[in-house]
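Listed here are the chains, written in short residue letters.
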Amino acid sequence: MPEADDTGDILEISLERIENLLKGDYGISRRSVGLLLLQEDREIITLVKNHEPESFNRIKEIIDRTKTHYREPLSYIIALDRQQEASRIAGEVIAHAPKTSLSLKEKISRMMINPISGIPIMLLILYYGIYKFVGEFGAGTVVDFIETDIFEKIINPRVTQLFASVIPWQVFRELFVGEYGVITLGVRYAVALILPIVTTFFIAFAVIEDTGYLPRLALLIDRVFKKIGLSGRAVIPMVLGLGCDTMATMVTRTLPTIRERVIATILLALAIPCSAQLGVILALLEGHSLGLWVWLGVVGLVFLLVGFLSSKILPGGSPSFYMEIPPLRLPKLSNVFIKTATRVKWYFTEIFPMFIFASVLIWAGQLTGLFGLFTNILEYPVRWIGLPDKAAVAFLFGFFRRDYGAAGLYDLKKAGLFSGNQLVVAAITLTLFLPCIAQFLMNVKERGWKTGLAISVFILFFSFSVGFAVNLLLNIMGISL
Amino acid sequence: MQIKDIAEILPLVELKCGQKGKIASVHTKNHEALKKLMAMGILPGIKINLIQKFPSYVFQLGQSQYAVDKELAECILVRIST
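Residues numbered from 1 in each chain as written. Chains lettered and ligands numbered in written order. Predicted model: local features only at pLDDT ≥ 70, side-chain atom pairs only at ≥ 80, totals over all residues. Heavy atoms only, no water.

Quick notes on the overall build of chain A
Now for step 1: Helix and strand counts for chain A come out as 22 helices and one strand.
Now for step 2: In terms of overall dimensions, chain A has C-alpha extents of about 85 × 55 × 45 Å along its principal axes.
Now for step 3: A total accessible area of about 24,300 Å² is found for chain A, and carbon and sulfur atoms account for 65% of it. (Helix = DSSP H or I, 4+ residues; strand = E, 2+ residues; numbered from the N terminus. Areas by Shrake-Rupley, 256 points an atom, 1.4 Å probe, with all protein chains shown as cover.)

Remarks on the overall build of chain B
Now for step 1: Counting its secondary structure elements, chain B contains three helices and six strands.
Now for step 2: If you list the helices and strands of chain B from N to C, you get α-β-β-α-β-β-β-α-β.
Now for step 3: For a compact globule of 82 residues, the expected C-alpha radius of gyration is about 12 Å, and chain B comes in at 12 Å, within 12% of that figure.
Now for step 4: Per-residue burial over chain B gives 50% buried out of 82 residues.
Now for step 5: At a minimum sequence separation of 6, the contacts of chain B that also span at least 24 residues come to 63%. (Rg over C-alpha atoms; globule rule 2.2 N^0.38 Å. Buried < 20%, exposed > 50% of the residue type's maximum accessible area, 1.4 Å probe, protein only. Contact = heavy atoms within 4.5 Å.)

Some remarks on the interface of chain B and chain A
Now for step 1: Opposite the 26 residues of chain B that make contact, chain A presents 25 residues.
Now for step 2: Summed over both sides, the interface between chain B and chain A buries roughly 2,300 Å², with carbon and sulfur atoms accounting for 60% of that surface.
Now for step 3: Connecting chain B to chain A are one salt bridge.
Now for step 4: Of the charged contacts in the structure, one is a salt bridge between A:Lys226 and B:Asp69, with a shortest N-O distance of 2.7 Å.
Now for step 5: Between chain B and chain A we count nine residue pairs in polar contact (both at pLDDT 80 or more) in total.
Now for step 6: Mapped by element, the contributors of at least two residues to the side of chain B that touches chain A are α2 (31-39), β3 (47-52), β4 (57-61), β5 (64-68) and α3 (70-73) of chain B.
Now for step 7: For the side of chain B that touches chain A, the element with the highest residue contribution is β5(B), accounting for five residues. (Buried area = accessible area lost by both parts, 1.4 Å probe. Salt bridge = Lys/Arg side-chain N within 4 Å of Asp/Glu carboxyl O. Polar contact = N/O pair within 3.5 Å; in protein donor to acceptor, adjacent residues only side chain to side chain.)

Thoughts on the domain arrangement of chain A
Now for step 1: Partitioning chain A into domains gives domain 1 (4-93), domain 2 (115-285 + 320-345) and domain 3 (349-476).
Now for step 2: The distance between the C-alpha centroids of domain 1 of chain A and domain 2 of chain A comes to 47 Å. (Domains from an automatic or database assignment.)

Some remarks on the pairing of β4(B)
Residues and elements named next belong to chain B.
Now for step 1: Of all the five residues making up β4, five are buried; the element is thus mostly covered by neighbouring parts of the structure.
Now for step 2: On β4, burial covers both faces: Tyr57, Phe59 and Leu61 on one face and Val58 and Gln60 on the other are all buried.
Now for step 3: Pairing geometry for β3 and β4, over four bridges, is antiparallel. From the neighbouring strand, Asn49 faces β4, where its bridge partner is Gln60.
Now for step 4: Two strands pair when backbone bridges link them, and β4 and β5 are joined in this way by five bridges, in the antiparallel orientation. For Val58, the partnering residue across the bridge sits in β5 and is Ala67. (Pairing = 2+ DSSP bridges.)

What to know about the environment of A:Gly307
Residue and element names in this part refer to chain A.
Now for step 1: Here Gly307 shows up in helix α15 (residues 289-313).
Now for step 2: A residue is classified by how much of its surface remains accessible, and Gly307, at 0% relative accessible area, is buried.
Now for step 3: With 135 residues separating them in the primary sequence, Gly307 and Met442 have C-alpha atoms 20 Å apart.
Now for step 4: Among residues more than four places away in sequence, those in contact with Gly307 are Ile228, Leu267 and Val302.

Description of helix α16 (residues 333-368) of chain A
Because an α-helix completes one turn every 3.6 residues, residues spaced three or four positions apart along the sequence face the same direction.
All names here are of chain A.
Now for step 1: Across its 36 residues, α16 extends 51 Å between first and last C-alpha, which sits within 8% of the 52 Å expected from 1.5 Å per residue.
Now for step 2: Roughly 25 degrees is the biggest bend found in α16, and it falls at Phe348.
Now for step 3: For α16, the full list of buried residues reads Val336, Thr340, Val344, Tyr347, Phe348, Ile351, Phe355, Ala358, Ser359, Ile362, Trp363 and Gly365. (Expected span 1.5 Å × (residues − 1). Bend = angle between axes of the 7 residues up to and from the residue.)

A word on the packing of helix α7 (residues 115-166) of chain A against helix α10 (residues 213-227) of chain A
Residue and element names in this part refer to chain A.
Now for step 1: Running from amino to carboxyl end, α7 crosses α10 at an angle of 125 degrees, the nearest separation of the two axes being 11 Å. Classified by the interaxial angle, the pair formed by α7 and α10 is oblique. By crossing handedness, the relation of α7 to α10 is classed as left-handed. Between α7 and α10, the contacting residues are Pro115, Gly118, Ile119, Ile121, Met122 and Ile125 on the first element and Tyr213, Leu217, Leu220 and Ile221 on the second.
Now for step 2: Taken together, the residues that form the contact of α7 with α10 break down as nine nonpolar, one polar and no charged. (Axes fitted to C-alpha atoms, helices over the stretch in contact; angles between N-to-C directions. Parallel < 35°, antiparallel > 145°, perpendicular 65-115°, else oblique. Left-handed = near helix turned anticlockwise from the far one by under 90°. Nonpolar A, V, L, I, M, F, W, Y, C, P; charged D, E, K, R; others polar.)

Quick notes on the pattern of salt bridges
Residue and element names in this part refer to chain A.
Now for step 1: Evaluation of the coordinates by the stated rule reveals 23 salt bridges over all chains.
Now for step 2: In this structure, the salt-bridge partner of Glu106 is Arg110, at a minimum N-O distance of 2.8 Å. Highlighted residues: Glu106 and Arg110, both in helix α6 (residues 104-113), separated by four residues, approximately one helical turn.
Now for step 3: The exposure class assigned to Glu106 is buried, which follows from its relative accessible area of 17%.
Now for step 4: Of the charged contacts in the structure, one is a salt bridge between Glu209 and Arg343, with a shortest N-O distance of 3.1 Å. Of the two residues, Glu209 sits in helix α9 (residues 182-211) while Arg343 sits in helix α16, which places them 134 residues apart along the sequence.
Now for step 5: Three or more residues joined by partner-sharing salt bridges are found here, namely Glu40, Lys60, Asp64 and Lys67.

Below you can see the structure in the form of structure tokens.
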């Protein structure tokens, strides 16, 4: 082990020798390339190997010889040097006044990360941010207004009238303005139902994101997430999943290992309801507060249990958690606005065609009788979990979009076809049931055909099994919710 | 190194909340862990102040705050300042 003063020199000499051997143009200085080579950056090693194979062996020799001088990896030694130099420069120009007490922001931050005060704060944020703002305001007030006052009163009757006068064939009229018409169902669901719900969700998410709360939530929840094979970092796709599971599945890319990504994808597909679905399910269970708790309990339990089991089954070690905790900030209105607008625009352009497509598919399915066939098949599992046959339609549509399905159940509830128990069982099963087509495609895209398909088959059986078990348990114990 | 010094070096997990010190060294055989710690700027000589131990280890490092799990916190050796 060399003396402290020598270490810099050995590194410096090796670096100089590598610099002299490099001939190619890499767009950055030779010194930077040399430093990256010494730090064994994989990309740059391949690049140099291909660019100048004749001198690469010499360079490799120098790197290997330099390594023998140090006990730690060269990347560590270089980071240390860099840190010392940075500290020296910063020390010359920055003066720190000793802090006498904690700032208000820091006090709030400490409350957020202490489990005793942090868990109530987390529940408050979820309650007001998600339940009250997205669930009640977005999915309730705004949806009611757009759906009832704009679509049902103004748009639907006019469009129906227009098409009735333009298209003489009943079959094609149905395509646009029928029960499952492109305009009366597809456009209406997209604009009246999904748009307000996801917009309010994105506003809430942008505010939470901009305050710097998410990293604090991540550290608070890390220990629980470790039990299900994830780290606190996964809290971001999970919270995002409450907005849109498809987008959240894409965000699982930020997780460091494939194992974590697979577990997160399963849990998102199975047990995290998206905002659209959440909105309709909250509406479905409105007035059944006990039912809401049972739903929350069962879905939460499934989340933890399936996560725990997948972490046991899937190969690989447990993840490690590290995260910077940025200072708390007051969100800037303009930032929140821009983020929300960009996300809503992106989301809407993604899903709008899918809604139209789903409407056309349902129309074609109805026309050819294919849907009738699928519905008849689905009636069996629906009966097993104690639901009326009519609910099968909702489950079939649920595959196109889960909220489509949930909205279907909502219509059945309005028609008074459900008992309290059936309502809860239906809500649970549909929450767990197959993700929408978009999420299924995303699962396949991100995880590959085999995994994507396996997740869907598992969920298909698992959701009905849980529904069956809950129904059975409620009946055996003689509980009616 | 004197015996007195050695007695003052503790892994981060054994510090009390609010205790301050300087990072003495990073002790791990795991390259990945070392990389992560380095990325956070956890390097010898840097001042560190433990803020919280549960549910995660939270500490102040210069002008930044970081949270790590127990496994990573065990790799950080701190020379306690008196």
